[in-house]
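The lines below spell out each chain.
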Amino acid sequence: MAKSKVLVVGGTGYVGKRIVKACLAQGHTTYVLQRPEIGLDIDKLQMLLSFKEQGAHLVEGSYSDHQSLVDAVKLVDVVICTMSGVHFRSHNILMQLKLVEAIKEAGNIKRFLPSEFGMDPARMGDALEPGRVTFDEKMIVRKAIEEAKIPFTYICGCCFAGYFVGNLSQLCTLVPPKEKVNIYGNGNMKVAYMDEDDIATYTIKTIDDPRALDKTVYLRPPENILTQRQLIEKWENLRGRKLEKCSIPAKDFLASMKDMDYAGQVGVGHFYHVFYEGCLTNFEAGKDGEEASELYPEVEYTRMESYLKRYV
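The name that an unreviewed UniProt entry assigns to the protein chain is NmrA-like domain-containing protein, with the source organism given as Coffea canephora. You can read under Sequence similarities (unreviewed entry) in the UniProt record for the protein chain the words "Belongs to the NmrA-type oxidoreductase family. Isoflavone reductase subfamily."

Okay, here's the thing in structure tokens:
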């Protein structure tokens, strides 16, 4: 079977650039949306040009120009959107509704993968304010996709290693603590972690797979399901020294929100659901879900001990 042609929207972003790389690596004809809104952002332009050098096609389109989106969509079989949904970078989830309208009008798309990649919003109906806005907006996009009868795959289920592993899951830093580490509750809640390059690899594996059609695919490879204490222990073994550990009760952790800005409050809420409630691992995939590591056992995903070595 011929490999699908793919349009990546948000290809210069944190996840998007990895999706483009994985698309090309797996032999897909790859288009990347080039939006005029990048203006004088030279870093984004140079990244787009580097994609072109690697074999990707650049196609112009803008959320403010519906026809340009329709024309871009008509070039491909699959659309993958990776627009940011985190408040400390940019929060553009609902802009995807314009993309849904373009896909609906084009009428040719065999699969749409909206911007997800984290907690499954369908399981976050009781999420805390203000962070629940992320899940509520993702569900609005899902509703639009399904009402338009657009074939889909939702990719969910893990913490990005760059934001949660190198820092031993500490808030407000991306590097490991030197002396003291905060533990959420007893630190024994199971969490799924994944290297962002592996997220992209698994994502592209799904796009021509009928088993993933109209399903949620969870990124929870068994050897990367760890407690926070297990993650810290791996770091301590690499460094050959112990860290002082400070356990934070749930009520104290939530109370810390009152002195934070909006983005900080959103982050605390999301951390709470992951590390105190276990929202990434406290359920089975069920009939509407699949486990990526079971669908694609051939993927040699990065183990977190190996990932941590880059910080030593």
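A. Up close: the overall build of the protein chain. Across its full length, the protein chain carries 12 helices and 15 strands. For a compact globule of 312 residues, the expected C-alpha radius of gyration is about 20 Å, and the protein chain comes in at 20 Å, within 12% of that figure. Seen through its principal axes, the protein chain has C-alpha atoms that stretch 55 × 45 × 35 Å. When the 312 residues of the protein chain are sorted by exposure, 53% land in the buried category. Pairs at least 24 residues apart make up 80% of the contacts formed inside the protein chain by residues separated by at least 6 positions. Looking at the protein chain as shown, the accessible area adds up to about 14200 Å², and 51% of this sits on carbon and sulfur atoms.

B. Quick peek at the state of the cysteines. Under the defined criterion, the tally for this structure stands at zero disulfides. Cys 158 supplies the cysteine sulfur nearest to Cys 156, a cysteine that is in no disulfide, at a spacing of 9.2 Å. With a relative accessible area of 0%, Cys 156 lands in the buried category.

C. Region of the structure containing the packing of helix α1 (residues 16-25) against helix α7 (residues 196-206). Look at α1 against α7: their axes get within 8 Å of each other, and the N-to-C directions meet at 50°. Between α1 and α7, the angle falls in the class oblique. Handedness of the crossing formed by α1 with α7: right-handed. Within the contact between the two elements, α1 uses Arg 18, Ile 19, Ala 22 and Cys 23 and α7 uses Glu 196, Asp 197, Ala 200, Thr 201, Thr 203 and Ile 204.

D. Local environment of the environment of Leu 33. Among the secondary structure elements, Leu 33 is positioned in strand β2 (residues 30-34). When its relative accessible area of 6% is taken as the criterion, Leu 33 is described as buried. Contacts of Leu 33, omitting those with residues within four sequence positions, involve Leu 7, Val 8, Val 9, Leu 48, Val 59, Glu 60, Gly 61, Leu 69 and Ala 72.

E. Geometry of the packing of helix α3 (residues 66-73) against helix α4 (residues 96-106). Direction vectors running N to C along α3 and α4 enclose 55°, while the axes themselves pass 8 Å from each other. Classed by the angle they form, the pair α3 and α4 counts as oblique. Crossing of α3 over α4 shows right-handed handedness. For the pair α3 and α4, the contacting residues are His 66, Gln 67, Leu 69, Val 70 and Val 73 in the first and Lys 98, Leu 99, Glu 101, Ala 102, Ile 103, Glu 105 and Ala 106 in the second. The class makeup of the residues in the contact of α3 with α4 is seven nonpolar, two polar and three charged.

F. Local environment of the sheet that holds strand β13 (residues 225-227). Strand order in the open sheet formed by three strands is β9-β11-β13, and the pairing between neighbours is mixed. Here the strands that pair on one side only, and so sit at the sheet edges, are β9 (159-160) and β13. With three bridges joining them, strand β11 (residues 190-194) and β13 adopt antiparallel strand pairing. The residue of β13 that forms the bridge with Lys 190 is Thr 227. Sitting on the sheet, helix α8 (residues 228-239) touches β11 and β13, and the angle it makes with β13 is about 90°.

G. Layout of helix α5 (residues 132-147). Its 16 residues give α5 an end-to-end C-alpha distance of 22 Å, which sits within 8% of 22 Å, the value for a rise of 1.5 Å per residue. Among the residues of α5, Arg 132, Val 133, Thr 134, Phe 135, Glu 137, Lys 138, Val 141, Arg 142 and Ile 145 are the ones counted as buried. Once α5 finishes, Lys 149 follows within two positions and takes phi at roughly 55°, a positive value.

H. Geometry of the packing of aromatic side chains. If you walk through the whole model with that rule in mind, you get 14 aromatic pairs. Where Tyr 272 meets Tyr 276, the ring centres are 5.3 Å apart and the plane angle is 25°; that geometry is what we call stacked. Residue Tyr 272 shares its accessibility class with Tyr 276, and that shared class is buried. Arranged with centres 6.1 Å apart and planes meeting at 45°, the rings of Tyr 307 and Tyr 311 form a pair that is tilted. Classification of Tyr 311 as partly exposed rests on a relative accessible area of 24%. Directly above the ring of Phe 283 sits Arg 220, whose terminal nitrogen or CZ lies 4.3 Å from the centroid. Its guanidinium or amino end placed over the ring of Tyr 301, Arg 303 lies 3.8 Å from that ring's centre, counting from NZ or CZ.

Here is what the cut-offs are and how they apply
- Residues numbered from 1 in each chain as written.
- Predicted model: local features only at pLDDT ≥ 70, side-chain atom pairs only at ≥ 80, totals over all residues.
- Heavy atoms only, no water.
- UniProt positions renumbered as here; feature names shortened; annotations may be inferred.
- Helix = DSSP H or I, 4+ residues; strand = E, 2+ residues; numbered from the N terminus.
- Rg over C-alpha atoms; globule rule 2.2 N^0.38 Å.
- Buried < 20%, exposed > 50% of the residue type's maximum accessible area, 1.4 Å probe, protein only.
- Contact = heavy atoms within 4.5 Å.
- Areas by Shrake-Rupley, 256 points an atom, 1.4 Å probe, with all protein chains shown as cover.
- Disulfide = S-S within 2.5 Å.
- Axes fitted to C-alpha atoms, helices over the stretch in contact; angles between N-to-C directions.
- Parallel < 35°, antiparallel > 145°, perpendicular 65-115°, else oblique.
- Left-handed = near helix turned anticlockwise from the far one by under 90°.
- Nonpolar A, V, L, I, M, F, W, Y, C, P; charged D, E, K, R; others polar.
- Pairing = 2+ DSSP bridges.
- Expected span 1.5 Å × (residues − 1).
- Phe/Tyr/Trp six-rings, centres within 6.5 Å; stacked < 30°, edge-to-face > 60°.
- Lys NZ or Arg CZ within 6 Å of the ring centre and 35° of its normal.

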